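Each chain is listed here by its residues.
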Amino acid sequence: MSDREHETYDVVGIGFGPSNLSLAIALEEYRANNPGNEVSALFLERQSAFGWHRNMLLPSATMQISFLKDLVTFRNPTSNFSFIAYLHASGRLTQFVNNQDFFPTRQEFHQYLEWAQARVADRIAYGSEVVSIGLPADVDPERADRLRLEVADATGRIGRVVEARNVVISTGLVPSMPVGTERDDRVWHSSEFLEKFRRANPAELRRVAVVGAGQSAAEITRFLYDELPHAQVYAVIPSYGYSVADDTPFANQIFDPAAVDDYYFGTDQTREAFWRYHRNTNYSVVDDEVIRDLYRRSYDDEVRGIRRLEFLNLTRVSGVKSLSAETRVSLQVGPDEEVRELDFDALVCATGYSTMEPTRLLGDLDRHCMRDDAGRYRVERDYRIVTGPELRCGIYLQGGTEHTHGLTSSLLSNIAVRSGEIADSIVAGRAGRDAERDVFAEIGGDVR
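Each chain has its residues counted from 1, following the order in which its sequence is written. For this predicted model, a pLDDT threshold of at least 70 governs which residues receive local features, and a threshold of 80 or more governs which side-chain atom pairs are given and counted, while totals over whole chains, interfaces and linings are taken from all residues. In computing side-chain properties, one takes all heavy atoms of the structure into account and sets aside hydrogens as well as water.

For the chain, the name recorded in an unreviewed UniProt entry is L-lysine N6-monooxygenase MbtG, with Streptomyces ortus as its organism. UniProt positions are given in the numbering used here, feature names are shortened, and annotations may be inferred rather than shown by experiment. Database annotation for the chain, UniProt heading Catalytic activity (unreviewed entry): "L-lysine + NADPH + O2 = N(6)-hydroxy-L-lysine + NADP(+) + H2O". Looking at the Sequence similarities (unreviewed entry) heading of the UniProt record, one finds this comment for the chain: "Belongs to the lysine N(6)-hydroxylase/L-ornithine N(5)-oxygenase family."

Right, dumping it as structure tokens:
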């Protein structure tokens with residue numbers, strides 16, 4: 001098959017979590033409102049089916065954002081892809097209203113996402129991993145307006161090649177482990193928690209530890225305490241206990257769509273102030289309700305004269321060693337960093353994620369992408385990487401733009417507006433190319 005015979009799309013999304021799902025919906029709504037002017041799109045996802053943090057869908061765990069910050073509402077309040085539309089279609093709208101709660105469970109929100117993706121399923125290819133992005137052989141490297149994507153199937157075989165005038169990369173965050181700690185059957189990252197927990201024999205989990213100070217760490221600690229009534233549960237916390245998330249109205253304005261402009265167009269001093277003052281809205285913080293739940297369990301244990309839940313504050317993991325039947329964890333405890341060793345049947349590292357980094361995926365294309373003085377990608381306001389003039393196609397990022405767009409770059413809070421801005425940019429770019437093509441056709445030239 002020659003390059004010219006490959007499927008060509010206006011946009012190809014790489015990765016299909018909530019961000020690119022929201023983009024797919026924005027493009028679908030554009031098509032519905034502009035008959036005969038469809039933006040052709042394909043979304044490639046390496047998972048075999050849709051899934052969003054499946055391994056953290058713990059019983060009773062709730063969303064930390066309002067249901068109104070769904071895939072569409074802040075962009076289009078009348079959309080039939082909204083969470084309200086999902087509740088209506090599911091026959092639960094009245095019951096949800098009677099529940100008087102802005103924060104659905106994660107399980108219900110995941111069901112909403114599955115419902116939404118099923119309605120754009122004709123644009124999604126699951127079990128498809130993009131392994132390389134480059135220029136097609138027949139494009140002028142000085143006027144490249146298409147990209148060539150090689151796609152591997154579930155076996156790792158290159159089974160498909162597609163071309164795109166724009167790509168939108170949304171491959172998600174990368175699980176982060178403590179330095180020197182590797183995952184195995186007894187050492188887990190929170191991103192794989194439920195899968196690993198279900199494989200284990202609960203009776204053999206007598207001493208378990210959870211490392212981390214954020215929401216996931218606290219929720220897993222609570223879950224293990226409740227699910228393993230025979231076990232000792234240790235919470236390894238680098239700070240002096242959990243810190244409460246600031247979700248008060250004024251602080252929450254940091255997640256408003258307008259705050260992206262304040263950050264993007266602000267000075268370096270302004271951006272630094274954003275992080276200094278507002279990290280406690282999202283990073284290494286826990287909802288008040290979860291903190292109180294854990295404290296109550298610990299206090300009830302003291303009343304009953306048992307010690308089943310232990311908090312190791314000001315403590316960090318400094319080493320992990322696998323023994324025959326247990327995992328030995330070296331800990332640095334307190335301000336003097338006293339070394340202490342404990343053996344566990346399971347160690348759960350709820351130690352967060354590293355930001356999305358597309359450099360390896362872009363390969364040789366990376367040399368066309370502009371970077372700032374700190375070596376980070378320069379990104380336009382519409383989330384498009386700044387490239388050299390020879391690269392006329394668009395490379396957009398959904399994630400990995402905290403340095404340019406602020407705290408909401410990898411969060412659901414601004415997902416509807418962000419995807420709408422990317423869709424608008426792609427549509428405007430296509431309109432510009434069509435106009436240019438018409439001009440060249442009139443003078444007998446050619447443009448690709």
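Don't stop here, the text continues.
**Student:** Is there a simple way to explain the packing of helix H8 (residues 257–264) against helix H9 (residues 268–278) in this structure?
**Tutor:** Axes here mean lines fitted to C-alpha atoms, for a helix over just the part in contact, with angles spanning 0 to 180 degrees between N-to-C directions. Only runs of H or I of at least four residues qualify as helices and only runs of E of at least two qualify as strands under DSSP, and these elements are numbered from the N terminus. Look at H8 against H9: their axes get within 8 Å of each other, and the N-to-C directions meet at 135°. Classified by the angle their axes make, H8 and H9 are oblique. Of the residues in H9, those in contact with Ala259, Asp262, Tyr263 and Tyr264 of H8 are Thr270, Arg271, Phe274 and Trp275. Here the term charged refers only to Asp, Glu, Lys and Arg, the term nonpolar to Ala, Val, Leu, Ile, Met, Phe, Trp, Tyr, Cys and Pro, and the term polar to all other amino acids, Gly among them. A class-by-class count of the residues in the contact of H8 with H9 yields five nonpolar, one polar and two charged. Roughly parallel refers to an angle under 35 degrees, roughly antiparallel to one over 145, roughly perpendicular to one between 65 and 115, and oblique to any angle outside these ranges. Contacts between residues were defined by any pair of non-hydrogen atoms, one from each residue, lying within 4.5 Å.

**Student:** Help me understand a nonpolar patch on the surface, please; the structure alone is not making it clear to me.
**Tutor:** Nonpolar side chains collect at one region of the surface, where Leu68, Phe74, Phe102 and Phe103 lie side by side and expose about 360 Å² of accessible area between them. Structurally, the position occupied by Phe102 is in the loop between helix H3 (93–99) and helix H4 (106–118). Patch membership needs two things, relative accessible area over 30% and no salt bridge, and members are linked within 9 Å if like-charged or within 5 Å if nonpolar (Val, Leu, Ile, Met, Phe, Trp, Tyr). Note on areas: Shrake-Rupley with a 1.4 Å probe; residue coverage comes only from the protein chains shown. We define a salt bridge as a contact between a side-chain nitrogen of Lys or Arg and a carboxyl oxygen of Asp or Glu at a distance within 4 Å.

**Student:** Teacher, can you tell me more about the pattern of salt bridges here?
**Tutor:** Opposite charge on two side chains lets them pair, provided their charged atoms get close. For the structure on display, the rule yields 32 salt bridges. Close ionic contact of Arg292 with Asp288 constitutes a salt bridge, the shortest N to O distance being 2.9 Å. Taken together, the residues Arg292 and Asp288, both in helix H10 (residues 288–304) and four residues apart, mark about one turn of the helix. With a shortest N-O distance of 3.1 Å, Arg381 and Glu421 are connected by a salt bridge. Highlighted residues: Arg381 in the loop between helix H11 (359–362) and strand E19 (394–397) and Glu421 in helix H13 (residues 415–442), separated in sequence by 40 residues.

**Student:** I keep staring at the packing of helix H2 (residues 83–90) against H4 and nothing clicks. Help me out?
**Tutor:** In helix packing, the relevant descriptors are the interaxial angle and the interaxial distance, both defined with respect to the helix axes. The geometry of H2 relative to H4 is characterised by a closest axis approach of 10 Å and an angle of 90° between their N-to-C directions. Regarding the angle of H2 to H4, the classification is roughly perpendicular. Contacts between H2 and H4 pair Phe83, Ala85, Tyr86, Leu87 and Ala89 from the former with Glu108, Phe109, Gln111, Tyr112 and Trp115 from the latter. Class assignment for the residues of the contact of H2 with H4 results in eight nonpolar, one polar and one charged.

**Student:** Which parts of the structure should I look at to understand the sheet that holds E19?
**Tutor:** For sheets, the rule is that strands pair by backbone hydrogen bonds, running either parallel or antiparallel. Two strands are said to pair when DSSP picks up at least two bridges between them. In spatial order, the strands read E4-E3-E2-E8-E19; together these five strands make up an open sheet with parallel pairing. The two strands at the open ends of the sheet, each matched to only one other strand, are strand E4 (124–126) and E19. Taking the axes of each pair of neighbouring strands and ignoring which way they run, one obtains an average angle of 15° across the sheet. When strand E8 (residues 166–169) meets E19, the two strands line up parallel, connected through four bridges. The partner of Ile169 across the bridge, within E19, is Leu397.

**Student:** Even after reading the chapter, I still don't get the sheet that holds strand E1 (residues 7–9), so can you show me in this structure?
**Tutor:** Strand order in the open sheet formed by four strands is E1-E7-E6-E5, with mixed pairing between adjacent strands. Where the open sheet ends on each side, the last strands, each with one partner, are E1 and strand E5 (129–134). Direction aside, the axes of adjacent strands within the sheet are offset by 30° on average. Of the pairings in the sheet, the one linking E5 to strand E6 (residues 147–152) comprises five bridges and is antiparallel in character. Note that in E6 the partner of Val130 across the bridge is Val151.

**Student:** For this particular structure, what's the right way to read the side chain of His368?
**Tutor:** Along the chain, His368 turns up in the loop between H11 and E19. Residue classification places His368 among the buried positions, given a relative accessible area of 6%. For this analysis, a polar contact is any N or O atom pair within 3.5 Å, provided that within protein one partner can donate a hydrogen and the other can accept it, and provided that sequence-adjacent residues contribute only side-chain to side-chain pairs. Side chain to side chain, His368 and Glu390 meet in a polar contact 2.7 Å long. Those residues in contact with His368 that lie beyond four places of it in its chain are Val386, Thr387, Gly388, Glu390 and Leu391. Think of it in three bands: with a 1.4 Å probe and only protein chains considered, a residue is buried below 20% of the maximum accessible area for its type, exposed above 50%, and partly exposed in between.

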